[in-house]
Structure formats: structure tokens, C-alpha cells
Amino acid sequence: MKLIIDSCADISIEKARELNAEVQPLSIQIGDVSYVDQIEITSEEVIQAIKDGKRPMTSQPNPESFAKIFKKYAEQNESIIYLGLSSALSGTYQSAVIARDTVHEEYPDADITLIDTSAVSYGLGLIVERAAGYIAQGDDKDAVISKVETDISQIRHLFTVNDLNYLAEGGRLSKGSAFLGGLLNIKPLLHVEDGKLVPLEKHRGLKKVFKRMTELAVKEGASGTGHIVHADAEQLANDLKKQLLDNTAIESINISGIGPTISSHTGDGTIALFYFKDVK
């Protein structure tokens, strides 16, 4: 059984190898130059380009690139599970659908399952990590899919950004118009709803945003392993981690840089928290 993911899971290439997952990267264009996510460009380079006044643009993988991966494992009679970035945020999942249908024309018995996780960044990353664990412990495909579907229903995304206008201009923010006015000294708290990035609340100052993230983690019964990603804000990410470990049932929290594609849309200073809710 082979796990396929896209680079918007914000899992490093090295980590993906450890998980025995294959990554289909997106592309990032800055000016006239196009780069392959994580392979030809780093998050730091994307953030620097934004600071220099440039606007990175991102592109989904074409169906042919997905078909090449699917075909490789179809030829080996290996089952495939693709865990994709939210289809509400990108056409990447649709490219995978087209690729699957194309491969089925040549290999009608190819076992290819596509799952739209409605997740992004390390929200998707945590789902991928758990899925890899289910496969490694020997679960059959039906069990893996069932557990992944449960994980999708329980994953929580909480974001804050420096510049909500930047995010809105990139077309990835839903229901955001009411948030765009009067944001001086106000920090937005956002989450993912039905696969879309949606403003949740406004708070005066980052400390209050972190306090609210912590309150929500307690209220929603967060436990186990959480993850924080940041864009050029490592110290703030560590501050949030300490607050969460001191005040919630989350047992461990990993920190990593937000990936090049996602940072292209959120800008510098972004901090995002991901954990699994205790849904009863």
C-alpha cells in the first residue's frame, strides 16, 4: 500500500521518506521564474520575495504528473491512497481525479483511492502522519481509510496572520470582507471550515490570540501530538508551544516552518496550530 501526498501537507521531503510517502509538489512562480515546491525553493526564499514586494503565484500539479506516479504503482499492483489538499483551496485534488481516470483507462483494475482531506498545511500533515502509522502497523486498506476519515473529522486548524489583506487578495480567504476593515492593532484568528480558510474572531494583540487558541484546545479536548508551523516567527511559535503544554492536555508539540506554497498565500509572520479534537 502506497501513500501519496502533495507538498501542501508541509511535510519535508526527508520526513515523507521516513513515512514511506511519495510527494507530488506544487509549483511557485516569482516573476518570470517557476520553482518546484521544496525542491527548488525554500520557505525562507518565498518570505524574502514577499518582503521585497514580490507576489509569489502558485500552480497545482498537472494531471500528467499525478498519472506518472499512479501508473508506477499500478504497474506493481500496489494499492494507492492519495491524501490531498482541500479541494476548496486548490485544483490539486481535481488534477488527481483526472489522473486516476486516465490511469484506469490503461489499468482498469488499478486500486487508487483519492481522499479530499479538506485540510491544509500541517493539518493535512498530521493526518498523513497518522495514516502512515496505520499502514506501518499492518492495517488493511479499508481500515486505513476508515481511520483517516475519522481523523479528518477531528482535525483542527487555527491560524493567525500579519496581513489579512494579503491573504484575501490571494483568493484563499472566505467570508473575509467584514474582517478587512479596522484591523489596526487587531490580530485575526482564522480556522478551516468545510475546507475553506475562514475568519473566526478578532483579538487585540497576539497574546490574546494565543490565549484564545489555548482556550479552544482545552474546550475541544485536544490531546496527543500537536503541531505548530510559522513563517519567520520561530520565537513566537515557541511561546505558543509553551503556553499550550502548560495549560492543555496536549502531550507534545512539534514546530516547523510553513511550506513554500502555503507561505506564498499567507505571508510572513503567520503562525498556525493544528491538533485533533476529542469529538464525542
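In case you missed it, the structure is sitting above this.
As a starting point, this report considers the structure included with it. Since this is a predicted model, take the numbers as computed values, not measurements.

1. So, the overall build of the chain
- Check the secondary structure of the chain and you find ten helices and 13 strands.
- For the chain, the C-alpha atoms occupy an extent of roughly 55 × 50 × 30 Å along the three principal directions.
- Relative to its full complement of 280 residues, the chain shows a buried share of 52%.
- Taking as baseline every contact in the chain between residues at least 6 positions apart, the subset at least 24 positions apart corresponds to 73%.
- Carbon and sulfur atoms provide 45% of the accessible area of the chain, an area that totals close to 12600 Å².

2. Focus: the nonpolar core
- Among the nonpolar cores identified, the biggest contains 53 residues, and Leu-3, Leu-83, Val-128 and Val-148 are the most heavily contacted of them.
- Broken down by element, the residue count for this core peaks at eight residues, all from helix 5 (residues 121-136).
- For Val-128, the contacting residues outside a window of four places in its chain are Leu-3, Ile-5, Ala-9, Ile-11, Leu-19 and Leu-83.
- Ranked by size, the runner-up nonpolar core spans 18 residues in total, among them Leu-158, Ala-222, Leu-240 and Leu-244.

3. Section: the packing of helix 8 (residues 206-219) against helix 9 (residues 234-247)
- One can describe the packing of helix 8 onto helix 9 by two numbers: an axis separation of 10 Å at closest approach and a directional angle of 35°. Between helix 8 and helix 9 lies a crossing of right-handed hand. Here Leu-206, Phe-210, Lys-211, Met-213, Thr-214, Ala-217 and Val-218 of helix 8 lie close against helix 9, whose contacting residues are Leu-236, Leu-240, Gln-243, Leu-244 and Asn-247.
- Among the residues making up the contact of helix 8 with helix 9, the classes are represented as eight nonpolar, three polar and one charged.

4. A look at the side chain of Asp-10
- When you line up the elements, Asp-10 lands in the loop between strand 1 (2-6) and helix 1 (13-18).
- Residue classification places Asp-10 among the buried positions, given a relative accessible area of 7%.

5. Focus: the packing of aromatic side chains
- Following the criterion strictly, the structure yields four aromatic pairs and no others.
- Between the aromatic rings of Tyr-82 and Tyr-93, the centroid separation amounts to 6.5 Å while the plane-to-plane angle is 20°, which identifies the pairing as stacked. Within this pair, whereas Tyr-82 is found in strand 6 (residues 80-84), its partner Tyr-93 is found in helix 4 (residues 92-106), the two being separated by eleven residues in sequence. The exposure classification of Tyr-82 matches that of Tyr-93, with both residues buried.
- Relative to Phe-274, the ring of Phe-159 lies with its centre 5.7 Å away and its plane at 85°, an arrangement referred to as edge-to-face. Taken as a pair, Phe-159 in strand 8 (residues 155-160) and Phe-274 in strand 13 (residues 271-276) lie far apart in primary sequence, 115 residues in all. The exposure classification of Phe-159 matches that of Phe-274, with both residues buried.
- One aromatic cluster in this structure is built from Phe-66, Phe-70, Tyr-82 and Tyr-93.

6. Looking at the sheet that holds strand 4 (residues 33-36)
- With antiparallel pairing, the three strands of this open sheet are ordered in space as 4-3-5. The open sheet has two edge strands, strand 4 and strand 5 (57-59), and neither has a second partner. For this sheet, the mean inter-axis angle between neighbouring strands, taken without regard to orientation, is 30°.

7. Remarks on the packing of helix 3 (residues 63-75) against helix 4
- At a minimum axis distance of 8 Å, the contact between helix 3 and helix 4 shows a crossing angle of 45°. Taken as axis vectors, helix 3 and helix 4 run oblique relative to one another. When the axes of helix 3 and helix 4 are compared, the crossing they make is right-handed. Every residue of helix 4 that contacts helix 3 at Pro-63, Phe-66, Ala-67, Phe-70, Lys-71 and Ala-74 is listed here: Thr-92, Ser-95, Ala-96, Ile-98, Ala-99, Arg-100, Val-103 and Glu-106.
- In terms of residue class, the contact of helix 3 with helix 4 is made up of nine nonpolar, two polar and three charged.

Parameters and conventions
- Residues numbered from 1 in each chain as written.
- Predicted model: local features only at pLDDT ≥ 70, side-chain atom pairs only at ≥ 80, totals over all residues.
- Heavy atoms only, no water.
- Helix = DSSP H or I, 4+ residues; strand = E, 2+ residues; numbered from the N terminus.
- Buried < 20%, exposed > 50% of the residue type's maximum accessible area, 1.4 Å probe, protein only.
- Contact = heavy atoms within 4.5 Å.
- Areas by Shrake-Rupley, 256 points an atom, 1.4 Å probe, with all protein chains shown as cover.
- Core = buried A, V, L, I, M, F, W, Y, C linked by side-chain atoms within 4.5 Å.
- Axes fitted to C-alpha atoms, helices over the stretch in contact; angles between N-to-C directions.
- Left-handed = near helix turned anticlockwise from the far one by under 90°.
- Nonpolar A, V, L, I, M, F, W, Y, C, P; charged D, E, K, R; others polar.
- Phe/Tyr/Trp six-rings, centres within 6.5 Å; stacked < 30°, edge-to-face > 60°.
- Pairing = 2+ DSSP bridges.
- Parallel < 35°, antiparallel > 145°, perpendicular 65-115°, else oblique.

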